[in-house]
Amino acid sequence: MPDRALLGLVVERIESHSPTDGAAELILAAFQGADAVDAALRGDHGAAAIVAAQAAAPAPPSAVYLTAIEVEGFRGIGPPTVLSIDPGPGLTLVVGRNGSGKSSFSEALEMVLLGTNQRWEQRVKVWRDGWQNLHHRHTRIAARFTVDGRRQPLEVARVWKDGEGMDASTLFIDGRPASSEALGWAQQLAGYPPLLSHNDLEHALDREQSKLYDALAGILGLGDLAAAQQALRDARLDREHAVKAARDALPALRALLERTDDERAEAVRSALASKVWDLDLVAGTVDGTAASDERSVLRKLHDLAGLPVLDRERLSAAIGDLRDAHAAVAKLRGTDAGRAHEVASLLQKALDIHDHADPETCPVCGTEGVLTYQWRAKAREHVAELLAEADAVRAAQSALADTMRRARQLIVATPPALRDGAGAGVDVAPVTEAWNTWARVSADDDAIMLASHLETQGPLVIAAVAELRRVATAERERLERAWRPAADAILAWLPQGRRAFDAEEEIGRLKAAERWLRDAHDEIRDERFRPIAGAVQENWTELRQDSNVSLGELRLRGAAAQRRLSLDVKVDGEDGSALGVMSQGELNCLALSLFLPRASMPESPFRFVVIDDPVQAMDPAKVAGLATVLARAARERQVIVLTHDTRLADAMRQLDLAATVIEVVRREQSVVELRRVQDPVQRYIDDAFAVAMSSDVPAEALRVIPGFCRLALEAASSLAATRRLLHQGKSYADVQEILEKPTTLNMWLALALLNDPARSGDVAGFLLKQHPEAVDAVRECNRGTHTGRVYGNMVAFIRSVERLTTAIVNER
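**Student:** Before we move on, can you summarise the state of the cysteines with the specific residues and values?
**Tutor:** Tallied over the entire structure, the rule returns zero disulfides. Lacking any disulfide linkage, Cys709 is separated from the closest cysteine sulfur, that of Cys781, by 5.0 Å.

As structure tokens, then:
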């Protein structure tokens, strides 16, 4: 999950500086990765909503403190050994010589939490194979933590079956097998790493410019910002590559279309010639769904190939029906029925004439008074009788009329396809002529003439149309064969084209999101860095002790491929490059200056930091600065430092800084022992008491007691003098130079009590006035060291020395 504080700054800025072109969703989605960006471009804003909710949701972390590291059969530790640490803020120093096994504790903690060790990743296989202890082949490592809100300690362990490799461990949480995800610390460990190995410390800044940027950006919590920028950049480049690939493929496609003699090729060329491609027209042209021009060759050929064909059987039937109907009518014409029909027709016409006038004179013969009312009545009766006799004639004539009407329906006008067929690459003239002849039939033709027309012209039209359909179909097929290579090429390119078409619009939105995030990057970065910038400078001020390098503004410049680290430093007042002028010790100090504030940010659940061997490459002055920095960090954090160098513990005592010191001692067979170490003054006093109060110690052994007491006085004098001199503003180097002057006990006492080792002759007088009970004790220390004898009560002598050491240490 991205850093909540960083997301909060991004969301806050989006609300106050609204991006354009719908870029806000892309910016937020970028913090969820490439898939989320793709989804946002498709209109799915779920990832953006999740990121916004993460930024708004309060997430106070549960404080986690380290209470113990248990190691068995791992690296330099054989039998089980437990490093117990007081939970809560404070400083713990784990000291031991090289090879004592102290670093095995930090490496075990890293392995428990991460399942690997960064130091090993850089090593060859032979070195990695030495992860298991040679003297104890059963391996188990564990770490115990106190977690706020949890009653019982949390135990996280890794166990290896005998004979298994380094990568074959099983993770246990509270004694039960579990996955790394079950711990739920992956994001926090990456964002707020509580572990700093010596390898990481020494090489944190030893990288190329972009790697240095990433290293510091990671320490500053800016990795999510860089990752979001990279996600947007990758999405844009992916789409730009898609556009370029589609455009790069166009010249070859256009060349193929130009060589293709097909109107569809021209249509596709036109659709791809404009700035905005008409890909729907391209696709429709290829699959035939595009609206076609009525005048196009393909449309003409399609229509010609689909010309209606006169059905031969229907034609033959029509011809036969015409002739049969005509014969039936002719047959009835000379019969009684025929004559009756004729007489009825004549009488009906006479009646029709008489209906329009009322004369009684016959219009045919001129006889008067014959066409009377009575005549009309009889005539109508006679017409009805005659018509009844003529029904057969009427039926035959009606059948003939219907037959002729159906026959004429076979004769239609020339089809539009024939009229418009010119230019289609086929000869339509013979069919047009045949069809025109077929369509020319007189409305006055009788059945016999019509039948003759159908019989002579019908087969000619059928044959001509069939031939034209065949030729048109063949021409279409020829054009399709010629078009197929171009069509296949278009179909192959079309997905690229559609991807490029969509990408063009998406690129605009991505550029807007990139531009906004790039413009906001420095402000967000500075805002993110501001809470710890002061701490970095404060740490460096302490750690640089007596260095001629002063640190100015730490800046991360650029972004993405142009990112780089810029450190402003001055060397003796002159501008310089940090990485070019800083010693390894100074670089370590700088890396530590950056690590501690990052690890101590309030968003981190880890209230502990573990630092392995930070003292290496540091001069004595910087060790004193390191002690101050660690003590300041320990006010709010549990700080555990592992080191082989006793100078850090000495500096803590000299600066009167609280720390728990645990010494690591390795015995034979990889047996490792731990013990809490007192300050040297009390240790010498305790050693003297131990010898004096032992009943079975030979008399010769008592000679060491004056020596222990003298060492206690010298240690107390060194501690008191160091504290006073540093308080007076002396540099640590000056203090070390002064501490090299005393060579006798009285010189040490003169430095501590009189602030001048040269006044050793005045020590006795000072003690006589200020600490009279200690005069004899100091004399016995000087004399007993050489003679091995102490006069008087041995325990009382040690008590007197103890009181004087206390007075010296508390001297201000």
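Read on, since the account is not over.
**Student:** How would you sum up the sheet that holds strand β12 (residues 608-612)? Please name residues and give values.
**Tutor:** Strand order in the open sheet formed by six strands is β8-β12-β13-β3-β14-β15, with mixed pairing between adjacent strands. The two strands at the open ends of the sheet, each matched to only one other strand, are β8 (195-196) and β15 (672-677). As judged from the six bridges shared by strand β3 (residues 90-95) and strand β13 (residues 638-643), these two strands associate in the parallel manner. Across the sheet, Val95 pairs through a bridge with Thr643, a residue of β13.

**Student:** With reference to specific residues and values, describe the packing of aromatic side chains.
**Tutor:** Overall, the coordinates contain seven aromatic pairs when judged by the stated rule. Between Phe145 and Phe608, the ring centres sit 5.8 Å apart and the planes meet at 35°, which makes this aromatic pair tilted. Residue Phe145 is found in strand β4 (residues 139-147), and its partner Phe608 is found in strand β12; the two are separated by 463 residues along the sequence. In terms of burial, Phe145 and Phe608 fall into one category: buried. Each ring, one from Trp185 and one from Phe606, has its centre 5.3 Å from the other, and the planes form 85°; the classification is edge-to-face. Pair noted here: Trp185 is in the loop between α8 (180-183) and α9 (186-191) and Phe606 is in the loop between α24 (584-599) and β12, with a separation of 421 residues, a long-range link. Neither residue differs from the other here; Trp185 and Phe606 are each classed as buried. Taken together, the aromatic side chains of Phe145, Trp185, Phe606 and Phe608 make up a single cluster linked through ring pairs. One cation-aromatic arrangement involves Arg13 over Trp516; the distance from NZ or CZ to the ring centre is 5.8 Å.

**Student:** Tell me about helix α16 (residues 312-333), residues and numbers included.
**Tutor:** If you check α16, its first and last C-alpha atoms are 32 Å apart, about what 22 residues at 1.5 Å a residue would give, namely 32 Å. Looking only at α16, the buried set comprises Leu315, Ala318, Ile319, Leu322, Ala325, Val329 and Leu332. Of the residues that open α16, the one with a side-chain oxygen 3.1 Å from the backbone nitrogen of Glu313 is Asp311.

**Student:** Which residues make up the pairing of β4, and what values go with them?
**Tutor:** Pairing between strand β1 (residues 64-72) and β4: eight bridges, direction antiparallel. Considered in β4, the bridge of Leu66 is made with Phe145. Relative to strand β5 (residues 154-160), β4 is paired through seven bridges, and the arrangement is antiparallel. Looking at β5, one finds that Ile141 is bridged to Arg158. Between β4 and β5, which pair antiparallel in sequence order, lie six residues; one of them, Gly149, sits at a positive phi of approximately 85°.

**Student:** Talk me through the packing of helix α27 (residues 680-692) against helix α33 (residues 794-809); I want residue IDs and the actual numbers.
**Tutor:** Two elements in contact, α27 and α33, have axes separated by 10 Å at closest approach and are oriented at 175°. One finds that α27 runs roughly antiparallel with respect to α33. Contacts between α27 and α33 involve Val681, Gln682, Ile685, Ala688, Phe689 and Ala692 on the former and, on the latter, Met794, Val795, Ile798, Arg799, Val801, Glu802 and Thr805. For the contact of α27 with α33, the class distribution of residues is nine nonpolar, two polar and two charged.

**Student:** Give me unusual backbone geometry: which residues, what numbers.
**Tutor:** Phi angles above zero are rare outside glycine, and Asp174 is one such case at about 55°. Using a relative accessible area of 35% as the deciding quantity, one classes Asp174 as partly exposed. Phi is positive for Gln669, close to 60°, though the residue is something other than glycine. Turning to its location among the elements, Gln669 is positioned in the loop between β14 (660-666) and β15.

**Student:** Could you give me a rundown of the confidence of the model for the protein, with the residues and numbers involved?
**Tutor:** With 83% of its residues at a pLDDT of at least 70, the protein reaches an overall mean of 82. Mean pLDDT values over the elements of the protein span from 60, in helix α23 (residues 578-581), up to 95, in β5.

**Student:** Account for the pattern of salt bridges, with residues named and values stated.
**Tutor:** Scanning the model with the defined rule gives 35 salt bridges in all. Note that Arg499 is salt-bridged to Glu506, the shortest N-O span being 3.7 Å. Classification of Arg499 as partly exposed rests on a relative accessible area of 31%. Glu780 is the salt-bridge partner of Arg783, the closest N and O atoms lying 2.4 Å from each other. Of this pair, Arg783 and Glu780 both sit in helix α32 (residues 775-787), three residues apart, roughly one helical turn. Here Glu780 falls in the buried class, since its relative accessible area comes to 10%.

About the cut-offs
- Residues numbered from 1 in each chain as written.
- Predicted model: local features only at pLDDT ≥ 70, side-chain atom pairs only at ≥ 80, totals over all residues.
- Heavy atoms only, no water.
- Disulfide = S-S within 2.5 Å.
- Pairing = 2+ DSSP bridges.
- Helix = DSSP H or I, 4+ residues; strand = E, 2+ residues; numbered from the N terminus.
- Phe/Tyr/Trp six-rings, centres within 6.5 Å; stacked < 30°, edge-to-face > 60°.
- Buried < 20%, exposed > 50% of the residue type's maximum accessible area, 1.4 Å probe, protein only.
- Lys NZ or Arg CZ within 6 Å of the ring centre and 35° of its normal.
- Expected span 1.5 Å × (residues − 1).
- Polar contact = N/O pair within 3.5 Å; in protein donor to acceptor, adjacent residues only side chain to side chain.
- Axes fitted to C-alpha atoms, helices over the stretch in contact; angles between N-to-C directions.
- Parallel < 35°, antiparallel > 145°, perpendicular 65-115°, else oblique.
- Contact = heavy atoms within 4.5 Å.
- Nonpolar A, V, L, I, M, F, W, Y, C, P; charged D, E, K, R; others polar.
- pLDDT = per-residue confidence, 0-100.
- Salt bridge = Lys/Arg side-chain N within 4 Å of Asp/Glu carboxyl O.

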